[in-house]
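Observations on the model geometry
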Amino acid sequence: MNIDGTRIGNVARFINHSCDGGNLLTVLVRSSGALLPRLCFFAFRNIKEDEELTFSYGDSIRIREEGLSCFCGCSSCFGVLPSENT
């Protein structure tokens, strides 16, 4: 699944990426009769006041080695955002 809020999306497009998985857990939820699946966010741990909300955009999808630079700043940062050939 490709989640790309570059041009359109809801408030979730303002949640940033973190290579370490971040502080949010994503769960794919399919509603009965819905054409598109819905992705729900849940707190993975207690989130401090004013802490940035983050999740991993993708763990193993790193097809384009020269993709967009990642600035998450975590110790396990890959340096490049997860990407697909889309």
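Residues numbered from 1 in each chain as written. Predicted model: local features only at pLDDT ≥ 70, side-chain atom pairs only at ≥ 80, totals over all residues. Heavy atoms only, no water.

**A look at the packing of aromatic side chains**
In plain terms, the rule: Two aromatic rings, drawn from Phe, Tyr or Trp (for Trp, its six-membered ring), form a pair once their centres lie within 6.5 Å of each other, and the interplanar angle then sorts them: stacked below 30 degrees, edge-to-face above 60, tilted otherwise. Only DSSP runs of H or I with at least four residues qualify as helices, and only runs of E with at least two residues qualify as strands; both kinds are numbered from the N terminus onward. Only protein chains enter the accessibility calculation, which uses a 1.4 Å probe; a residue whose area is less than 20% of its type maximum is buried, one above 50% is exposed, and one in between is partly exposed.
Throughout the structure, instances matching the rule amount to 2 aromatic pairs. Plain terms: the ring middles of F41 and F55 are 5.0 Å apart, the flat faces sit at 70° to each other, and that makes the pair edge-to-face. Pair noted here: F41 is in strand 3 (residues 38-43) and F55 is in strand 4 (residues 54-55), with a separation of 14 residues, a long-range link. By relative accessible area, which is 27% here, F41 ends up partly exposed. For F55, a relative accessible area of 5% puts it in the buried group. Here the aromatic rings of F55 and Y57 are separated by 5.2 Å at their centres, their planes lie at 55°, and the arrangement is tilted. Members of the aromatic cluster, each reached through a chain of ring pairs, are F41, F55 and Y57.

**So, the pattern of salt bridges**
Test applied: Every case where a carboxyl oxygen of Asp or Glu lies within 4 Å of a side-chain nitrogen of Lys or Arg is listed as a salt bridge.
Within the structure shown, the criterion is met by 1 salt bridge. Here R45 and E51 are joined by a salt bridge, their closest N and O atoms 2.6 Å apart. The class for R45 is partly exposed, based on a relative accessible area of 40%.

**Side note on the confidence of the model for the protein chain**
Low-pLDDT portions of the prediction should not be read for the details of their coordinates. Convention followed: What pLDDT expresses is the predictor's confidence in each residue, scored from 0 to 100.
When the pLDDT values of the protein chain are averaged, the result is 79; 74% of them are 70 or greater. Averaged pLDDT values over the elements of the protein chain bottom out at 86 in strand 2 (residues 24-29) and peak at 92 in strand 4.

**Digging into unusual backbone geometry**
If you check the backbone angles, D50 has positive phi at about 70° while not being a glycine. Note that D50 resides in the loop between strand 3 and strand 4.

**Some words on a nonpolar patch on the surface**
Operational definition: Only residues above 30% relative accessible area that lack a salt bridge enter a patch, with like-charged residues linked at up to 9 Å and the nonpolar side chains Val, Leu, Ile, Met, Phe, Trp and Tyr linked at up to 5 Å. All accessibility values rest on the Shrake-Rupley procedure with a 1.4 Å probe; residue burial counts only the protein chains present in the view.
Together, L25, V27, V29, F42 and F44 line one region of the surface with nonpolar side chains, adding up to about 440 Å² of accessible area. For V29, a relative accessible area of 31% translates into the label partly exposed.

**Some points on the state of the cysteines**
Quick reminder of the rule: Defined by distance alone, a disulfide is two cysteine sulfur atoms within 2.5 Å.
The full count for this structure, using the stated rule, is 0 disulfides. The closest cysteine sulfur to the non-disulfide-bonded C70 is located on C72, 3.6 Å from its own sulfur.

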